[in-house]
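Here is what each chain is made of, one letter per residue.
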Amino acid sequence: MPSSNETTPASAYFRTDIDLPESSFDLFNRYSSIPRDAVLRHVLDLREKAWKVFKYPCVGACAFAITAINEHPYYNTLLSDVKTGKTLIDVGTGFGQDLRRVILDCGDQNVSEQLCACDLEERFFLLGQECFLDQGKLGVKFVAADLLEQRAAALEPLQGTFDIVHASYFIHLWGWADQIRVLTSLIGLLRKAQGSVIVGAQIGSWKAYEKDVAVTEAGRMYLHDEESIKRLFREVGTVTGTAWRVEAINWQPETRKGFTEMWKQHPTSTYIQFSAVMLASEAA
């Protein structure tokens, strides 16, 4: 597999030109009751606090204030499924902004008990409660777990209980071999039934390759194109005894607010959205 090196320090991602999209103002205004003209200051204040703990690119770029799930082509289907009682786990949840988008878009219907959040660090999720002003009110179960660990103890009671896994800005944190391990863990969380789905978005590339990086614990990232992410699911399907229908869109949204400068600095990087629907499972 092609590989490359990158030594960009995390501090380079602490942006001063934060430009939040309309969906962020809408979420903070309607979900958190923060006046629109106070949203950006609130987000920047939370970033200052979070940066002292997590010097991650997603924190520096205020990505925790920008939802990915509602921009996904699969979102309307996902939202309908949740409204009809299906369960969803958001892995690599961070501040939990995408789950709050789902809750908001479900309107008066209370779906919190159908939702679960998972991340390596609970401190992220606690900062999210401060960020979205819903301490004690969210009602979403949080699980701290390392998804590189096969059948992690914290996730054992949740094996085979979800209809939907959402994983945005998550799978790209590892190289190919570890992505197989992580996807194996995610598949373990799904019901072994036709129609179970993994949906997400991540940083990709016009041509798939693996690189060394300084900003992830793993130190490696595999950035996908449309064909490589389909190949990834074929390989993990062999490991797990599952078959998948994978759809992917690889593009570079140059005017996407909150990310404009990133595309300028990384012209070969893309934004890849994918959905993988389970067609069959040996365990079904």
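Structure's up top.
These notes cover the structure that comes with them.

How each quantity is defined
Residues numbered from 1 in each chain as written. Predicted model: local features only at pLDDT ≥ 70, side-chain atom pairs only at ≥ 80, totals over all residues. Heavy atoms only, no water. Phe/Tyr/Trp six-rings, centres within 6.5 Å; stacked < 30°, edge-to-face > 60°. Helix = DSSP H or I, 4+ residues; strand = E, 2+ residues; numbered from the N terminus. Buried < 20%, exposed > 50% of the residue type's maximum accessible area, 1.4 Å probe, protein only. Lys NZ or Arg CZ within 6 Å of the ring centre and 35° of its normal. Polar contact = N/O pair within 3.5 Å; in protein donor to acceptor, adjacent residues only side chain to side chain. Contact = heavy atoms within 4.5 Å. Expected span 1.5 Å × (residues − 1). Pairing = 2+ DSSP bridges. Right-handed = clockwise from strand over helix to strand, strands pointing away. Disulfide = S-S within 2.5 Å. Axes fitted to C-alpha atoms, helices over the stretch in contact; angles between N-to-C directions.

The tally for this structure, following the rule as stated, stands at 15 aromatic pairs. Seen from their ring centres, Phe28 and Phe132 are 4.7 Å apart, and the 10° between their planes marks the pair as stacked. Of this pair, Phe28 sits in helix 1 (residues 22-30) while Phe132 is found in helix 6 (residues 122-132), placing the two residues 104 residues apart along the sequence. Neither Phe28 nor Phe132 differs from the other in exposure class; each is buried. For the pair Tyr56 and Phe124, a centre-to-centre distance of 5.8 Å together with 55° between the ring planes defines the contact as tilted. Separated by 68 residues along the polypeptide, Tyr56 in the loop between helix 2 (39-51) and helix 3 (57-60) and Phe124 in helix 6 bring together distant segments of the chain. The ring of Phe14 has Arg47 lying over it, and the distance from NZ or CZ to the ring centre is 3.8 Å.

Glancing now at the side chain of Thr270. Topologically, Thr270 is positioned in strand 10 (residues 269-281). Here Ser205 takes part through its backbone nitrogen, which lies 2.8 Å from a polar atom of the side chain of Thr270.

Once that is clear, we can look at the environment of Arg47. As for its position among the elements, Arg47 is in helix 2. Spatially, the C-alpha atom of Arg47 lies 6.6 Å from that of Cys62, the residues being 15 residues apart in sequence. Residues contacting Arg47, with those up to four places away along its chain left out, are Phe14, Arg15, Ile18, Val59, Gly60, Cys62 and Phe64.

An ideal rise of 1.5 Å per residue puts 21 Å on 15 residues; helix 8 (residues 226-240) measures up with 21 Å between its terminal C-alpha atoms. Listed as buried for helix 8 are Ser228, Ile229, Leu232, Phe233, Val236 and Gly237. Lining the buried residues of helix 8 we find helix 7 (176-189), strand 6 (197-205), strand 8 (220-223), strand 9 (242-251) and strand 10. Among the residues of helix 8, the N-terminal cap falls to Asp225, whose side-chain oxygen and the backbone nitrogen of Glu227 are separated by 3.2 Å.

Now for unusual backbone geometry. Despite not being glycine, Ser33 shows a phi value in the positive range, around 60°. Along the polypeptide, Ser33 turns up in the loop between helix 1 and helix 2. Phi is positive for Leu133, which is not a glycine, with a value near 55°. Tracing the backbone shows Leu133 in the loop between helix 6 and strand 4 (141-144). Here Leu133 falls in the partly exposed class, since its relative accessible area comes to 38%.

Our focus in this paragraph is the pairing of strand 4. In this structure, strand 3 (residues 115-119) lies alongside strand 4, joined through 4 bridges in parallel fashion. Residue pairing in the sheet places Cys116 in a bridge with Lys141 of strand 4. In this region the chain leaves strand 3, passes through helix 6 and returns to the parallel neighbour strand 4; the handedness of that crossover is right-handed.

Below, the discussion takes up the state of the cysteines. Per the counting criterion, the structure on display carries 0 disulfides. Sulfur of Cys62: no disulfide; nearest cysteine sulfur belongs to Cys131 and is 9.0 Å away. Exposure remark for Cys62: the relative accessible area of 0% places this residue in the buried category. Of all cysteine sulfurs, the one in Cys118 lies closest to Cys116, which takes part in no disulfide; the gap is 6.9 Å. Accessibility expressed as a relative area gives 2% for Cys116, which makes it buried.

This part takes up the sheet that holds strand 4. Judged by pairing direction, the sheet is mixed, and its 7 strands sit side by side in the order 4-3-2-5-6-10-9 without closing on themselves. The outermost strands of the open sheet, each flanked by one partner alone, are strand 4 and strand 9. For this sheet, the mean inter-axis angle between neighbouring strands, taken without regard to orientation, is 20°. Taken together, the 3 bridges between strand 5 (residues 164-166) and strand 6 define a ladder with parallel strand orientation. Within the sheet, the bridge partner assigned to Val165 lies in strand 6 and is Ile198.

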